[in-house]
Amino acid sequence: MKKYFYLGRLAILMAAVVFGSYFCQEEEIIVPEIIEIRLDDHTREAGLEIFQMTFGVAVSDINNDGHDDLVVGNHGELPSLFLRQGPQFKDFSDTLPERIIMDRHGVTAVDLENDGDKDLVFAGGGADGVGIGSENRLYKNLKSETGSLVFEDISEEVGIAYQPWRTRHFLPLPGPDGSLVDLYMVCLARDDCPDLYFSNQSVGSIQLKVNESPGLNQGFNSEGRDIFFDYDRDGDQDFLIISRSKPQFYEQVNNQYQRKDGIFPSLASVFCLACGDLN
C-alpha cells in the first residue's frame, strides 16, 4: 500500500513540475530592429539658405498646386514668399504688395471667404514699443478670381490696421457655426490697446468685425504664442495664454470665454507649447 502511495505522490510531483515549467516559461523578448535615422541639412539645395531675422513663418499651399509654400515675415525687412517648385523653393516675394520695410511680426495664411485661396494677414509691431507702430496688413489672394497668384491689399477697407497696437499674431479659429474662420489679434501690452476678437462676416467679400461678446478683448500682454485647442473635447475651442508669467486658461462655454484656474497647476513661466493627441 505504501508503495502505491509513494508512487502516486511522485506522479503528482512530476506532473506539477512539468506543468509548472510550461506555464512559467519566460516570455520571449522580441527586440525591434534598430533603424538609423539621419537628418541631413538640405537648406541650400532647397533654395532657402537665407540669413534674416524673422518673428514668424506660415506654412501653407498658397498657389493651390498641392505643395506647401512658405511665407516669412522678416522682421524689419521686406516679407518673403517662397513657392515649392519640384525639390526647391523659388522666391516669389515680388507678388506681395507694399514692398516697404515695416515692423512685421507673425504671419497667418487663412482662407477668410471660403473661395479656396489662402489670404495673408501680417501682424504689425510697435516699433520696439516706443514708436507709433506698424499697421497690420491683410492681403487678399486673387488666385481663384484671376487664375494667377495676385494679392490685393485690403487692410484699410476691412479695418484691420490698428497702427498704435503692438500686435504679435493673428490666431485663426473656427467661427460659432464652423462655416468661416474668425481671427483673434494678440498683442503686447500698451495703454488702450487690448487684444481684439474679429468675427468673420464675409459674404462675397472679406468682412471682419470686432466682437466683444466672446470676452477676450482684454490686455493679456501676449507674445503671440497662445493657442486655441479643444481641452475638454466638447467641440469648442478653448484658449491658453502663453506669457512670461503663469499661463492662463479660458474655457469656451456657450460662445463665451471664462477663466478657469487650476487646469495646469504645475506650469510656471512657459515660452512655447504644442498640443496634440499623443496617446
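Here the structure is shown first, and the text comes after it.
Model, not experiment: these values are computed from the prediction. (Residues numbered from 1 in each chain as written. Predicted model: local features only at pLDDT ≥ 70, side-chain atom pairs only at ≥ 80, totals over all residues. Heavy atoms only, no water.)

S.K.: Could you give an account of unusual backbone geometry, naming the residues involved and the relevant values?
M.R.: One non-glycine residue, N64, lies in positive phi territory at about 60°. Accessibility expressed as a relative area gives 38% for N64, which makes it partly exposed. (Buried < 20%, exposed > 50% of the residue type's maximum accessible area, 1.4 Å probe, protein only.)

S.K.: Could you give an account of a nonpolar patch on the surface, with specific residues and numbers?
M.R.: Taken together, I35, I37 and L39 make up a surface patch of nonpolar side chains, about 430 Å² in accessible area. Residue position: I37 is located in the loop between α1 (2-23) and β1 (57-60). (Patch = residues over 30% accessible without salt bridge, like charges linked within 9 Å, V, L, I, M, F, W, Y side chains within 5 Å. Areas by Shrake-Rupley, 256 points an atom, 1.4 Å probe, with all protein chains shown as cover. Salt bridge = Lys/Arg side-chain N within 4 Å of Asp/Glu carboxyl O. Helix = DSSP H or I, 4+ residues; strand = E, 2+ residues; numbered from the N terminus.)

S.K.: Mind laying out the sheet that holds strand β9 (residues 166-174), listing which residues take part and the relevant values?
M.R.: Spatially, β9-β10-β11-β12 is the arrangement adopted by the four strands of the open sheet, whose pairing is antiparallel. With partners counted over all chains shown, the strands left at the sheet margins are β9 and β12 (208-210), one partner each. Adjacent strand axes in the sheet meet at a mean angle of 25° when their direction is disregarded. Inspection of the sheet shows β9 paired to strand β10 (residues 181-188) by eight bridges, in the antiparallel sense. Bridging from a neighbouring strand, T167 pairs with C187 of β10. (Pairing = 2+ DSSP bridges. Axes fitted to C-alpha atoms, helices over the stretch in contact; angles between N-to-C directions.)

S.K.: Explain the pairing of β9 residue by residue, including any values.
M.R.: Summarising burial for β9: seven of the nine residues are buried, a large majority. Here β9 hands over to β10 after six residues, with G178 in that stretch at a positive phi of 80°.

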